[in-house]
Amino acid sequence: DVKVTQSSRYLVKRTGEKVFLECVQDMDHENMFWYRQDPGLGLRLIYFSYDVKMKEKGDIPEGYSVSREKKERFSLILESASTNQTSMYLCASTPAPGQTSNQPQHFGDGTRLSIL
Amino acid sequence: QKEVEQDPGPLSVPEGAIVSLNCTYSNSAFQYFMWYRQYSRKGPELLMYTYSSGNKEDGRFTAQVDKSSKYISLFIRDSQPSDSATYLCAMKRTQGGSEKLVFGKGTKLTVNP
């Protein structure tokens, strides 16, 4: 089974802090994704990566950056956390040799982040 | 018009009922269709994955795709309290050489014992 692991289930940070969310997958997948999930808004794509050191903006990248130094690890960074970034953050991965894949995404259990 | 529409519910049914969950979409470029189940405080878990129009069955679950009507459904037979969760539909299309996955907002289902 695919295993996508997010380092923290719950996290509380203060406004203005730099926040790191970590995601690791154990299936050698090329593609990795970061979403946030909010009531009434569903899942929204923040950033994704098709390869090591490669990243592309999703639908709502403002206020976020990402890092993919190793294939199995994809980090989401909140440069200066704000209260409107309080949310559930979900990481996902799929296998693919390129940018398209007919494989579904597999998700981690999420990090519930609160910014005070 | 939103690309994917899903009734948020909530939907409450008695144990043993047949449940029907639905999504409509507006973009005929969607090629792959998925249903995810998400329990409270957990990530979405893939339930069903289909490509073509028609039905796909897996145990008590049946996924149905009607591309001509741009309509997908998930049926749950003999529903159990353990089926209580939020169900998300998702659809994938290719766009300029990359893929785009669009989710519905989810339908919250409660199955009462």
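Here we summarise the structure given alongside this text. (Residues numbered from 1 in each chain as written. Chains lettered and ligands numbered in written order. Predicted model: local features only at pLDDT ≥ 70, side-chain atom pairs only at ≥ 80, totals over all residues. Heavy atoms only, no water.)

## Overview of the overall build of chain B
Okay, step 1: When helices and strands are tallied, chain B shows zero helices and eleven strands.
Okay, step 2: In terms of C-alpha radius of gyration, chain B reaches 14 Å, essentially the compact-globule figure of 13 Å for 113 residues.
Okay, step 3: Reported as C-alpha extents along the three principal axes, the dimensions of chain B are approximately 50 × 30 × 25 Å.
Okay, step 4: When burial is assessed residue by residue, chain B has 45% of its 113 residues classed as buried.
Okay, step 5: When contacts within chain B are restricted to residue pairs at least 6 apart in sequence, those whose partners lie at least 24 apart make up 54%.
Okay, step 6: Counting only carbon and sulfur atoms, one obtains 47% of the accessible surface of chain B, whose full area is about 5,400 Å².
Okay, step 7: Of the charged side chains in chain B, 14 are positive and 11 negative, and the gap between their average positions amounts to 7 Å. (Helix = DSSP H or I, 4+ residues; strand = E, 2+ residues; numbered from the N terminus. Rg over C-alpha atoms; globule rule 2.2 N^0.38 Å. Buried < 20%, exposed > 50% of the residue type's maximum accessible area, 1.4 Å probe, protein only. Contact = heavy atoms within 4.5 Å. Areas by Shrake-Rupley, 256 points an atom, 1.4 Å probe, with all protein chains shown as cover. Lys, Arg positive; Asp, Glu negative; His and termini not counted. Charge placed at Lys NZ, Arg CZ, Asp CG, Glu CD.)

## Quick look at the pattern of salt bridges
Okay, step 1: Evaluation of the coordinates by the stated rule reveals twelve salt bridges over all chains.
Okay, step 2: Note that Glu-79 of chain A and Lys-18 of chain A form a salt bridge whose closest N and O atoms lie 3.7 Å from each other. Taken together, the positions of Glu-79 of chain A in the loop between β8 (73-78) and β9 (87-94) and Lys-18 of chain A in the loop between β2 (10-13) and β3 (19-25) put the pair 61 residues apart, joining distant regions of the chain.
Okay, step 3: Exposure remark for Lys-18 of chain A: the relative accessible area of 47% places this residue in the partly exposed category.
Okay, step 4: Ionic pairing is found between Glu-45 of chain B and Arg-37 of chain B, a salt bridge with its closest N-O pair at 3.2 Å.
Okay, step 5: Accessibility expressed as a relative area gives 35% for Glu-45 of chain B, which makes it partly exposed.
Okay, step 6: Shared partners join several salt bridges into a network, and the residues in it are Asp-28, Glu-30 and Lys-71 of chain A. (Salt bridge = Lys/Arg side-chain N within 4 Å of Asp/Glu carboxyl O.)

## Some details on the sheet that holds strand β6 (residues 54-58) of chain B
Residue and element names in this part refer to chain B.
Okay, step 1: The sheet built from five strands is open, its strands ordered β1-β3-β8-β7-β6 with antiparallel pairing. Looking at the sheet topology across the chains shown, the edges are occupied by β1 (4-6) and β6. Between one strand axis and the next, the sheet turns through 15 degrees on average, direction left out of account. (Pairing = 2+ DSSP bridges. Axes fitted to C-alpha atoms, helices over the stretch in contact; angles between N-to-C directions.)

## Some words on the nonpolar core
Okay, step 1: By size, the foremost hydrophobic cluster in this structure holds 25 residues, and its most contacted members are Trp-35, Ile-72, Leu-74, Tyr-87 and Met-91 of chain B.
Okay, step 2: Among the secondary structure elements, those contributing two or more residues to this core are β3 (19-25), β4 (32-38), β5 (45-50), β7 (61-66), β8 (71-76), β9 (85-95) and β11 (107-112) of chain B.
Okay, step 3: If we ignore the near neighbours within four places in the chain, the residues touching Met-91 of chain B are Val-4, Cys-23, Thr-24, Tyr-25, Phe-30, Tyr-32, Phe-33, Met-34, Ile-72, Lys-100, Leu-101 and Val-102 of chain B.
Okay, step 4: By size, the runner-up hydrophobic cluster in this structure holds 20 residues, among which are Met-32, Ala-81, Tyr-89 and Cys-91 of chain A. (Core = buried A, V, L, I, M, F, W, Y, C linked by side-chain atoms within 4.5 Å.)

## Structural notes on the sheet that holds strand β7 (residues 64-70) of chain A
Residue and element names in this part refer to chain A.
Okay, step 1: Taking strand neighbours across the sheet as the criterion, the four strands line up as β1-β3-β8-β7 in an open arrangement whose pairing is antiparallel. Edge positions in the sheet fall to β1 (4-6) and β7, since each of these pairs with one other strand and no more. Neighbouring strand axes in the sheet, compared pairwise and without regard to direction, differ in orientation by 20 degrees on average.
Okay, step 2: Pairing geometry for β7 and β8, over five bridges, is antiparallel. Bridge pairing links Val-66 to Leu-76 in β8.

## Details of the environment of Ser-20 of chain B
Residues and elements named next belong to chain B.
Okay, step 1: Here Ser-20 lies in strand β3.
Okay, step 2: Dropping the residues within four chain positions of it, Ser-20 is found in contact with Leu-11, Leu-74 and Phe-75.
Okay, step 3: Among the polar contacts listed, one links the side chain of Ser-20 to the side chain of Asn-22, at a separation of 3.4 Å. (Polar contact = N/O pair within 3.5 Å; in protein donor to acceptor, adjacent residues only side chain to side chain.)

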